[in-house]
Amino acid sequence: MSSPDLLIRGAQIILANGDLIVGNVLVRDRHIVEVGTEITCTQPTTEIDAEGLTLLPGVIDPQVHFREPGLEHKEDLFTATCACAKGGVTSFLEMPNTRPPTTNQQALDDKLQRAANKCLVNYGFFIGATKDNLPDLLTAAPTPGIKIFMGSMHGQLLLEQEEILEAIFAQGNRLIAVHAEDQQRINQRRQEFAGMIENVAVHSQIQDNLAALLATQKALKLSQKYQRRLHILHMSTAEEAQLLRQYKPTWVTAEVTPQHLFLDISAYEKIGTLAQMNPPLRSPEDNKALWQALHDGIVDFIATDHAPHTLEEKAQPYPHSPSGMPGVETSLPLMLTAAMEGRCTLAQVVKWMSTAVAQAYGIPNKGVIAPGYDADLVLVDLRAYRRVCREELLTKCGWSPFEGWNLTGWPVYTIVGGQIVYEKGKLHTQVRGQALTFKQ
Ligand code: DOR
């Protein structure tokens, strides 16, 4: 038996062309069937009165670390996707640095199985490159692409050897997503700073702008040589933005995190190791260059790099404190608050957090509010401001680098495949997302 239709009535809707209308959206069997000012319902219908609220396509977060399997004390697929539902994130792409890492079909299948059982939103999982899993990289499916850690990693997922990188770029044609930090440069800087590591702020000096630039240059060169689809994850520096500004082949995309747009190195004084991530926070000038790059289409979209660690782990003194911050609950309000402050438009937020992500990864039928598209939607309130507070967070790690920030655009309803998964502070935990597919 199919479920009743869902009618979202009287919302401010952001259409595919960026226009805003006040109207209605009718959802039937997971899909949007009508968008308009006049909709006649012919079947039993559940209604949402959305007067005063704004309807956006659900956020597709293309870089998260959800820790399952193996690191569930930090997060798991259930807690992470409860946080997603609350944050308006209706789909995510997860990284392979779990235990075991996702480096073959078996590990990928295991994650897909776990996700089918536990995820409240839609899911996809990257396959991680090692020095000897090229056959897996060519065949494992479904996956949004191959993840290469060029630096800032240890164990089998760290790939810095040029010949191995080249072999991966040379074979196959699926998307390669790189964590671009040059490990040699980082090692050398660690030695230079030995004995001076009394403060976490040094993290941004050790893993400096040059470390990021060198790796991005290397990845770009290989991508050009083989015309290989390349995505630069969490781009963090003005220098990389400048590099792409000079030459960005059509088959290259880049993303930025809210942390690299809204936080800078002064955050270390306020929140210490909670501000530690890889690539590290940069200067206000870098923030500015990244905003400009987003506006100019040099950076294509936004990812949170949600990377939870417990407060106990974060309390260890640097360099023993782990890198990473959670993000799925705050990314949309942060960007919508920026839109309300005039730093960008609502249509740009939709493009950067949904439409462009679906396009870049070839995820069919997502990221747009139009008939025929999947009913992955979020209704936000742009009138009320509320502070980020630790007690309300659903991520298992229980903290945010943005605690105390006064934000608007908090989700009121989140809808996944036509089902309401989050409603005015309450989760519907029986809702399950689906495995994403990728047409590349
Ligand atoms: O800060 C980070 N933490 N950057 C990464 O690339 C990995 C992540 C993690 O898994 O903790």
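Refer to the preceding data block for the structure.
Residue positions are counted from 1 within each chain, in the order its sequence is given. Local features in this predicted model are restricted to residues of pLDDT 70 or higher, and side-chain atom pairs are both shown and tallied only at a pLDDT of 80 or more, whereas totals for entire chains, interfaces and linings draw on every residue. Computation of side-chain values: all heavy atoms of the structure, hydrogens and water removed.

A.B. asks: Any chance you could explain the packing of helix 13 (residues 331-340) against helix 14 (residues 346-361) here in plain terms?
C.D. replies: Geometrically, a packed helix pair is captured by the angle between its two axes and the distance between the axes. Axis lines are fitted to C-alpha atoms, over the contacting stretch for helices. Their N-to-C directions set the angle, which ranges from 0 to 180 degrees. Secondary structure counts use DSSP, requiring at least four H or I residues in a row for a helix and at least two E residues in a row for a strand, with both numbered from the N terminus. Packing of helix 13 against helix 14 leaves a shortest axis separation of 9 Å and a crossing angle of 150 degrees. The orientation of helix 13 with respect to helix 14, classified from their angle, is roughly antiparallel. Where helix 13 crosses over helix 14, the two elements pack in a sense that is right-handed. From helix 13, Ser 331, Leu 332, Met 335, Leu 336 and Ala 339 reach across to helix 14, where they touch Leu 346, Val 349, Trp 352 and Met 353. Of the residues assigned to the contact of helix 13 with helix 14, the class counts are eight nonpolar, one polar and no charged. Should an angle fall under 35 degrees it is called roughly parallel, over 145 degrees roughly antiparallel, and 65 to 115 degrees roughly perpendicular, with every other angle called oblique. Each helix crossing is assigned a hand: it is left-handed if the near helix lies turned anticlockwise from the far helix by less than a right angle, otherwise right-handed if that turn is clockwise. In this analysis, two residues are considered to be in contact whenever any of their non-hydrogen atoms come within 4.5 Å of each other. Under this grouping Gly is polar, as are all residues other than the nonpolar Ala, Val, Leu, Ile, Met, Phe, Trp, Tyr, Cys and Pro and the charged Asp, Glu, Lys and Arg.

A.B. asks: Even after reading the chapter, I still don't get helix 8 (residues 238-246), so can you show me in this structure?
C.D. replies: Because each turn of an α-helix spans 3.6 residues, side chains separated by three or four positions in sequence point in the same direction. For every residue, the accessible area (1.4 Å probe, protein chains only) is compared with the maximum for its type, and the residue is labelled buried under 20%, exposed over 50%, or partly exposed between those bounds. When we look at burial in helix 8, the residues that qualify are Glu 240, Ala 241, Leu 243 and Leu 244. One side of helix 8 holds all its buried residues, which, seen down the axis, span an arc of 160 degrees. Contact partners of the buried residues in helix 8: helix 7 (209-226), strand 12 (230-232), strand 13 (252-256) and helix 11 (284-295). By construction, the arc corresponds to the directions joining the helix axis to the C-beta atoms.

A.B. asks: What am I meant to see in the site of the ligand here?
C.D. replies: Every one of the 13 residues lining the ligand counts as a neighbour, but Arg 67, Asn 97, Asn 278, His 309 and Ser 323 are closest to it. For the ligand, an oxygen atom lies 2.8 Å from a polar atom in the side chain of Asn 97. Computed with the Shrake-Rupley method and a 1.4 Å probe, the accessible areas treat only the protein chains shown as cover for residues. Across the complex, the protein chains shield 94% of the 290 Å² of accessible surface that the ligand would expose by itself. For the shell around the ligand, the class distribution of residues is three nonpolar, eight polar and two charged. Residues are classed as near a molecule or strand on a simple rule: at least one heavy atom within 4 Å of it. Pairing of N or O atoms within 3.5 Å defines a polar contact, subject to two protein rules: one partner must be a possible hydrogen donor and the other a possible acceptor, and residues neighboring in sequence count only if both atoms are side-chain atoms.

A.B. asks: Which parts of the structure should I look at to understand the pattern of salt bridges?
C.D. replies: Pairing of side chains with opposite charge becomes possible as their charged atoms draw close. Just to be clear on terms, a salt bridge is a Lys or Arg side-chain nitrogen sitting within 4 Å of an Asp or Glu carboxyl oxygen. Counted by the stated rule, this structure contains 24 salt bridges. Ionic pairing is found between Lys 218 and Glu 162, a salt bridge with its closest N-O pair at 3.7 Å. Of the two residues, Lys 218 sits in helix 7 while Glu 162 sits in helix 4 (residues 162-170), which places them 56 residues apart along the sequence. Owing to a relative accessible area of 21%, Lys 218 belongs among the partly exposed residues under this scheme. We note a salt bridge from Lys 218 to Asp 182, for which the minimum N-O separation is 3.9 Å. You can see Lys 218 sitting in helix 7 and its partner Asp 182 sitting in the loop between strand 11 (176-179) and helix 5 (183-192), a full 36 residues away along the chain. Look at Asp 182 and you get buried, because its relative accessible area is 11%.

A.B. asks: I would appreciate a short explanation of the sheet that holds strand 6 (residues 59-64) in the present structure.
C.D. replies: The strands making up a sheet associate through hydrogen bonds between their backbones, and the pairing can be parallel or antiparallel. One requirement defines pairing of two strands: DSSP has to find at least two bridges between them. The strand order 6-7-8 describes an open sheet built from three strands, whose pairing is parallel. Of all strands in the sheet, those with a lone pairing partner are strand 6 and strand 8 (122-125), marking the two edges. Neighbour-to-neighbour, the strand axes of the sheet open up by a mean angle of 20 degrees, direction not taken into account. Across four bridges, strand 6 lies against strand 7 (residues 89-94) in parallel orientation. The partner of Val 64 across the bridge, within strand 7, is Glu 94. Strands strand 6 and strand 7 of the sheet are contacted by helix 14, whose axis makes an angle of about 60 degrees with strand 6.

A.B. asks: So what exactly am I meant to see when it comes to the state of the cysteines here?
C.D. replies: Any covalent bond linking the sulfur atoms of two cysteines counts as a disulfide. Any pair of cysteine sulfurs within 2.5 Å is marked as a disulfide. Under the criterion given, the structure shown has zero disulfides. Cys 84 carries a free sulfur, and the closest cysteine sulfur to it, the one in Cys 119, is 8.0 Å from it. By relative accessible area, Cys 84 is classed as buried at 0%.

A.B. asks: What am I meant to see in unusual backbone geometry here?
C.D. replies: Backbone phi values are negative for most residues with the exception of glycine, while trans is the configuration of most peptide bonds. Here the bond from Glu 68 into Pro 69 is cis, since omega is 10 degrees, no more than 30 degrees from zero. Its place among the elements puts Pro 69 in the loop between strand 6 and helix 1 (77-87). Along the chain, Arg 99 connects to Pro 100 via a cis peptide bond; the corresponding omega equals 0 degrees. Tracing the backbone through its elements, the reader meets Pro 100 in the loop between strand 7 and helix 2 (105-118). The backbone of Asp 29 sits at a positive phi, close to 45 degrees, despite the residue not being glycine. The residue Asp 29 is located in the loop between strand 2 (20-28) and strand 3 (31-36) in this model. Judged by relative accessible area, Asp 29 falls into the partly exposed class, the value being 40%.

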